[in-house]
Amino acid sequence: MNNVVKTKLQQGGTAVGCFIGFHSPTLVEMLGDSGFDFVVIDNEHGPFSWSEVEEMVRAAELAGTVPIVRVAYDASDIQKALDRGAYGIHVPMVNTREQAQEVVQRAQFPPAGKRGTAYSVRSARYGTRGGADYLKASNEQILIAVHIETPQAVENIEEIMNVQGIDIFYIGPTDLSVTMGYAVEGPEHAEVQKAMETVLTCGRKLGRTVGIQVGSAAGVTAQLNWGAKYVGVGITPVLYSAFKEVSNAGKQK
């Protein structure tokens, strides 16, 4: 395993990827061929079976993009995603230092953590890459992103960011606006923007990587300029925008 996204971020670079919440290995290949650094297979909101997740991970590897899985906050989900061969995980609704520590524990093999060990799974190439070298490489290369999506998480952000083993502190603007009580106004509300700035400022202070979710190419550019180093774009708004552009072009005459 060579996690080029993790290496890129450690060297001070940026990474842009795409979240996909439906089963389509073909589309994952297209995302990789289009130059995305990573693909996040959304198994928090998406209707995937674990065999479908594995197919999507395999497609990402084939296309040269880093496969990451967004899981539920559940030990079994983290285990299954990493055993399928994911190079990283996104974990939603991490609100405290203790929860952040637990995520790291679930994603790391002993002695660093308490992830269960099986060499028969895809991540260990079905037993051909087991042993101490595999355990060490996995602990070093797995990328861990925790989502900052509630007022509680923002309030506890410095404690959360001081947890070692986490690579990305990922702002979910929609969830944050809803949990803050601004579902109608959305992420553009001044208080939500202030909360996001709090996360970014803390990241700069502690030398930690802040990521964020967007819905368009313009959003990617804006958030990289803002200071995020890791940006994920949702695939559905991108597709809808492209579809509407073509559809509207056909109606102009």
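The structure this text deals with has already been given above.
Attention here is on the structure that accompanies the text. Remember, predicted model here, so these are calculated numbers, not experimental data.

Reading guide: rules and limits
- Residues numbered from 1 in each chain as written.
- Predicted model: local features only at pLDDT ≥ 70, side-chain atom pairs only at ≥ 80, totals over all residues.
- Heavy atoms only, no water.
- Buried < 20%, exposed > 50% of the residue type's maximum accessible area, 1.4 Å probe, protein only.
- Helix = DSSP H or I, 4+ residues; strand = E, 2+ residues; numbered from the N terminus.
- Pairing = 2+ DSSP bridges.
- Right-handed = clockwise from strand over helix to strand, strands pointing away.
- Contact = heavy atoms within 4.5 Å.
- Phe/Tyr/Trp six-rings, centres within 6.5 Å; stacked < 30°, edge-to-face > 60°.

**Some details on the pairing of strand S2 (residues 38-42)**
For step 1, the next point in the chain: Burial within S2 is extensive, with 5 of its 5 residues counted as buried.
For step 2, the next point in the chain: Along S2, one buried face is formed by Phe38, Val40 and Asp42 and the opposite face, lined by Val39 and Ile41, is buried too.
For step 3, the next point in the chain: Examined bridge by bridge, strand S1 (residues 15-20) and S2 share 4 bridges and lie parallel to one another. Looking across to S2, one finds that Phe19 is bridged to Val40.
For step 4, the next point in the chain: For the crossover from S1 across helix H2 (residues 25-33) to S2, the handedness is right-handed.

**Focus on the environment of Ile68**
For step 1, the next point in the chain: Mapped onto the elements, Ile68 comes out in strand S3 (residues 66-70).
For step 2, the next point in the chain: When the C-alpha atoms of Ile68 and Thr128 are compared, they prove to be 22 Å apart, with 60 residues separating the residues in sequence.
For step 3, the next point in the chain: In contact with Ile68, other than residues within four places in its own chain, are Phe38, Val39, Val40, Ile41, Gly88, Ile89, His90, Leu143 and Tyr230.

**As for the packing of aromatic side chains**
For step 1, the next point in the chain: Enumeration according to the criterion identifies 5 aromatic pairs in this entry.
For step 2, the next point in the chain: Ring centres 6.0 Å apart and planes at 75° place the aromatic pair Tyr119 and Tyr134 in the edge-to-face group. You can see Tyr119 sitting in the loop between helix H5 (97-107) and helix H6 (132-141) and its partner Tyr134 sitting in helix H6, a full 15 residues away along the chain.
For step 3, the next point in the chain: For Tyr119, a relative accessible area of 33% puts it in the partly exposed group.
For step 4, the next point in the chain: Note on Tyr134: relative accessible area 9%, which makes it buried.
For step 5, the next point in the chain: Relative to Tyr230, the ring of Tyr170 lies with its centre 5.9 Å away and its plane at 85°, an arrangement referred to as edge-to-face.

**Observations regarding the environment of Arg125**
For step 1, the next point in the chain: Relative to the helices and strands, Arg125 resides in the loop between H5 and H6.
For step 2, the next point in the chain: Sequence separation between Arg125 and Ala249 is 124 residues, and the spatial gap between their C-alpha atoms is 48 Å.

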